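As a plain string of letters, each chain reads:
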Amino acid sequence: MMKRTRQIPAGRIVSAVLIHVVLIIFAILIIYPLLYVMGSAFSPSSSLQGIGINPFPQNPTLIQFERLFNTTNYKVWYTNTLTIALMVSCATLVITSTAAYIFSRFKFMLRKQMMIAFLVFQIFPSFVGMVAIYVLLLRIGGLDTKWGLALVYIAGNIPYNTWLVKSYMDSIPKSFDEAARIDGASNFTTYRRIILPIAKPILTFLIITSFLGPWMDFIIPRMVLRSEKQLTLAVGLFQLIDGRTANNYTMFAAGALLVAIPFVFLFLIGQKSLLTALGAAGVKE
């Protein structure tokens, strides 16, 4: 007996083809600029005029990386940014997770009003308060310092991230807390031994976003940092292409390529943590 082959409707075929065409176009639009930056980083030319449409150079070389490390303070910029990012991510994790646990599990005076105030503070963009930030840092001696810039990021991370982590902790059954208290555990022990392990996915997301913020920001570091030895990567790399006579675009591409290393590393950690959390929750692919 001959098996009947199932015919796919023509409309479904056309729809699938159109979807794949659109996805391919978007993939090209996203991937091509990345390939162009990678090709520029390994180009022997010091300007974009020597690079054609083909993103891959004919004679790849590491001369742009040599120029980057020998003629600029790139290592200092990289170290400063890494230090600030670590300070911000660690402080944000401790402060935000603690505050979220308190707002999620305890009842106290002005609790609701404080949470609403967090939302109100988050409405206004950070550059609205740049004058106030500058004056405050000037008063406490935080201008042109790494800890002063980190303090600005930490303060800006608290309102939204407290709401984010609190919403996740609200989904954790309070029966876990009650069972821990029956066994004699204190509030701190419950928070450390029960709540934090369960909230690992959202805390991992919090660490990643807090760490990546200082790598991409330009406006606030430009205002706070002044001396060459305190600059971050965003401000330092901007100097390479600042002005009409600047001719360092390929060297800028080399520096931008090295900036992607922490992003890839954190992406792999985030993927592993998410899969571990899903596995612990019993979610199968």
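Predicted, not measured: the structure shown is a model, and the values here were computed from it.

Student: What exactly am I supposed to notice about the overall build of the chain here?
Tutor: If you tally the helices and strands in the chain, you get 12 helices and 0 strands. Expressed as a percentage of contacts within the chain between residues at least 6 apart in sequence, the contacts between residues at least 24 apart total 70%. Summed over its atoms, the accessible surface of the chain is roughly 18200 Å², and 69% of this surface lies on carbon and sulfur atoms.

Student: Quick question: what am I supposed to make of unusual backbone geometry here?
Tutor: If a residue is not glycine, its phi is most likely negative; likewise, a peptide bond is most likely trans. A positive phi is found at leucine 110, a non-glycine position, where the angle reads about 65°. For leucine 110, the position within the fold is in the loop between helix H3 (74-105) and helix H4 (111-123). In this structure, aspartate 144 takes a positive phi of about 60° despite not being glycine. Counting through the fold element by element, aspartate 144 comes out in the loop between helix H5 (130-140) and helix H6 (146-170).

Student: What is the right way to read the side chain of threonine 72 from this model?
Tutor: For threonine 72, the location among the structural elements is in the loop between helix H2 (63-71) and H3. Classification of threonine 72 by relative accessible area gives buried; the value is 15%. Within the local environment of threonine 72, its side chain forms a polar contact with the backbone oxygen of leucine 68, the two atoms lying 2.3 Å apart. The contact partners of threonine 72, leaving out residues within four places of it in the chain, are Arg67, Trp77, Leu240 and Met251.

Student: What exactly am I supposed to notice about the nonpolar core here?
Tutor: Soluble globular proteins tend to bury their nonpolar side chains together. In terms of nonpolar packing, the biggest core is built from 38 residues, with Leu68, Tyr74, Leu149, Trp215, Val224 and Leu233 touching the most fellow members. Counting 11 residues, the second largest nonpolar core, distinct from the first, contains Ile172, Tyr191, Ala199 and Leu206.

Student: It is not clear to me how the packing of aromatic side chains should be interpreted in this structure. Could you clarify?
Tutor: Given two aromatic rings, one states the distance between the centres and the angle between the planes to describe the pair. According to the stated counting rule, one finds 13 aromatic pairs in the structure shown. Taken together, a centroid distance of 5.7 Å and an interplanar angle of 85° make the contact between tyrosine 101 and phenylalanine 106 edge-to-face. Through pairs of rings, three or more aromatic residues link up here, namely Phe69, Tyr74, Trp77, Tyr78, Phe211 and Trp215.

Student: What's the story with the confidence of the model for the chain in this structure? I'm lost.
Tutor: Taken over all residues, the pLDDT of the chain has a mean of 84, while the share at 70 or more is 89%. Mean pLDDT in the chain bottoms out at helix H12 (residues 249-280), which sits at 76, and peaks at H3, which reaches 94. Segment residues 280-285: pLDDT under 50, and 2 contacts once partners within four positions in sequence are set aside and those in other chains are kept.

Student: Help me understand the environment of phenylalanine 121, please; the structure alone is not making it clear to me.
Tutor: Among the secondary structure elements, phenylalanine 121 is positioned in helix H4. Measuring from C-alpha to C-alpha, the distance between phenylalanine 121 and glycine 156 comes to 9.0 Å, with 35 residues separating the pair along the chain.

Student: Help me understand a nonpolar patch on the surface in this model?
Tutor: Together, Ile13, Val17, Val21, Val22, Ile25, Phe26, Leu29, Ile30, Ile31 and Leu34 make up an exposed nonpolar region whose accessible area comes to about 920 Å². Within the element layout of this structure, phenylalanine 26 appears in helix H1 (residues 10-41).

How each quantity is defined
- Here, residues in each chain are numbered from 1, in the same order as that chain's written sequence.
- Totals for whole chains, interfaces and linings use every residue, but because this is a predicted model, local features are given only for residues with pLDDT of at least 70 and side-chain atom pairs only at 80 or more, for both listing and counting.
- Values shown for side chains rest on all heavy atoms present in the structure; no hydrogens or waters enter the calculation.
- Helix numbers and strand numbers start at the N terminus; a helix is a DSSP run of H or I with at least 4 residues, a strand a run of E with at least 2.
- Contacts are assigned to residue pairs with any non-hydrogen atoms lying within 4.5 Å of each other.
- Residue exposure ignores everything except the shown protein chains as possible cover, and the areas themselves are Shrake-Rupley values with a 1.4 Å probe.
- Partly exposed describes any residue whose relative accessible area lies between the buried limit of under 20% and the exposed limit of over 50%, with all areas from a 1.4 Å probe on protein chains only and scaled to the type maximum.
- Counting of polar contacts relies on pairs of N or O atoms within 3.5 Å, with two restrictions inside protein: one atom must be capable of donating a hydrogen and the other of accepting it, and residues adjacent in sequence are counted only when both atoms are side-chain atoms.
- In this text, buried Ala, Val, Leu, Ile, Met, Phe, Trp, Tyr and Cys residues form a nonpolar core when linked through side-chain atoms within 4.5 Å.
- Aromatic pairing here means that ring centres of Phe, Tyr or Trp (its six-membered ring) are within 6.5 Å. Orientation follows from the plane angle: under 30 degrees is stacked, over 60 is edge-to-face, and everything else is tilted.
- Each residue gets a pLDDT score, which is the predictor's confidence in that residue and runs from 0 to 100.
- Residues forming no salt bridge and having over 30% relative accessible area are the ones grouped into patches, like charges within 9 Å of each other and nonpolar side chains (Val, Leu, Ile, Met, Phe, Trp, Tyr) within 5 Å.
- Salt bridge, as used here, is a side-chain nitrogen of Lys or Arg placed within 4 Å of a carboxyl oxygen of Asp or Glu.

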